[in-house]
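So the chains spell out like this:
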Amino acid sequence: MSPTESPLPVEAVPDAALLTVRGLRKSFGDHEVLKSIDLDVRRGEVVTLIGPSGSGKTTVLRCLNGLEVPDAGVAEFAGQLTVDFSTPMAKKQVYGLRDRSAMVFQHYNLFPHKTVLENVIEGPVQVQKRPKAEAVQEARDLLARVGLAGKENSYPFELSGGQQQRVGIVRALALRPQLLLFDEPTSALDPELVGEVLAVIKELAEEGWTMVVVTHELAFARQVADEVIFMDGGVVVERGHPDTVLRNPREERTRQFVDRLLNPF
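Just so you know, these numbers come straight off a predicted model, no measurement behind them.

**A look at the UniProt feature "domain: ABC transporter" (unreviewed entry) in the protein**
Here's step 1: UniProt marks residues 19-258 with the feature "domain: ABC transporter" (unreviewed entry), using the numbering shown here.
Here's step 2: As a span, residues 19-258 carries 39% helix and 26% strand, and end to end its C-alpha atoms are 27 Å apart.

So this is what it looks like as structure tokens:
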């Protein structure tokens, strides 16, 4: 599924900024979930977000995908789109973020009454208004490349959790996004199924896809990430190369979190 082989061209220009976020804030009622988050994602880069539950990681992804409208902050996408979330226009402009990204959810979020193929082509045909024949052929190619050839007419309940998540990944790829967002893609899986999903994500990283991944899989983050960001309490506590953040963190809070995951007992 490399950028040259795939029907989904992926431009991986080293050090070229794809997404820049400054001062991202989001509250739900009186609870401030994000407190001035800054984020830089370069083309072809994998950024992983780690941290305890409630730290704001998923909310960051939902803001980047336009599923939530932040209260403040500015996002610039590839020099083509700038969204100032403090302005009245932000509610319309977030659709530009959604058009440029695709999200893979923790619990798959597949339509239970639609087949695998119908799930994958829903976005390209209904939202992007692409020809159905083209979307179907592209979906078949992508399903084959993640080991799901022959599952096109299956329904989600007939698939394992790992297979459902791979369908979720294909559904995201079929939208031809510039940015892939993964929200704890393995946390709902049985342990023996985690590896098959991580292998697909690792392959995408090797092929130059730009990704932001929320994960608790520290070994995966160490192998795949270009940058690891540790969040807690709605702020970025520490960021840097995975060898630094995961092996020799500077901040005590980061050290405690990493030690707890690596030594749970």
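**Quick look at the nonpolar core**
Here's step 1: In terms of nonpolar packing, the biggest core is built from 40 residues, with Ile 169, Leu 180, Phe 182, Leu 204 and Met 211 touching the most fellow members.
Here's step 2: Within the residue set of this core, elements represented by two or more residues are strand S6 (101-104), helix H3 (116-127), helix H4 (132-145), helix H5 (161-173), strand S7 (179-183), helix H6 (191-206), strand S8 (211-214) and helix H7 (218-224).
Here's step 3: Counting residues per element, this core draws most heavily on H6, at eight residues.
Here's step 4: Beyond its immediate chain neighbours, meaning those up to four positions away, Ile 169 contacts Val 104, Phe 182, Val 197, Val 200, Ile 201 and Leu 204.

**Section: the sheet that holds strand S2 (residues 31-42)**
Here's step 1: Pairing is antiparallel in the open sheet, where four strands are placed in the order S2-S1-S4-S5. With one partner strand each, in any of the chains shown, S2 and strand S5 (81-84) form the two edges of the open sheet. Direction aside, the axes of adjacent strands within the sheet are offset by 10° on average.
Here's step 2: Looking at chain direction, strand S1 (residues 17-28) and S2 are connected through nine bridges and run antiparallel. Bridged to Phe 28 within S2 is His 31.

**Brief notes about the sheet that holds strand S10 (residues 235-240)**
Here's step 1: Taken together, the six strands give an open sheet; going across it, the order is S6-S7-S8-S3-S9-S10, and neighbouring strands pair in mixed fashion. Looking at strand neighbours, the two that pair on one side only are S6 and S10, the edges of this open sheet. Shown here is a sheet whose adjacent strand axes are inclined to one another by a mean of 20°, direction ignored.
Here's step 2: Bridge analysis of S6 against S7 gives four bridges, and the strand direction is parallel. Counterpart to Met 103 in the pairing with S7 is Leu 181.

**Quick word on H4**
Here's step 1: With 14 residues, H4 should cover 20 Å at 1.5 Å per step; its first-to-last C-alpha distance of 20 Å lies within 8% of that length.
Here's step 2: Within the sequence span of H4, burial applies to Ala 135, Val 136, Glu 138, Ala 139, Leu 142 and Leu 143. An end-on view of H4 places all buried positions within 170° of arc, on one side of the element.
Here's step 3: Turning to H4, the residues buried within the fold contact H3 and H5.
Here's step 4: Of the residues flanking the end of H4, it is Gly 147, one or two places downstream, whose phi is positive at about 80°.

Quick notes on the rules
Residues numbered from 1 in each chain as written. Predicted model: local features only at pLDDT ≥ 70, side-chain atom pairs only at ≥ 80, totals over all residues. Heavy atoms only, no water. UniProt positions renumbered as here; feature names shortened; annotations may be inferred. Helix = DSSP H or I, 4+ residues; strand = E, 2+ residues; numbered from the N terminus. Core = buried A, V, L, I, M, F, W, Y, C linked by side-chain atoms within 4.5 Å. Buried < 20%, exposed > 50% of the residue type's maximum accessible area, 1.4 Å probe, protein only. Contact = heavy atoms within 4.5 Å. Pairing = 2+ DSSP bridges. Axes fitted to C-alpha atoms, helices over the stretch in contact; angles between N-to-C directions. Expected span 1.5 Å × (residues − 1). Arc of directions from axis to C-beta.

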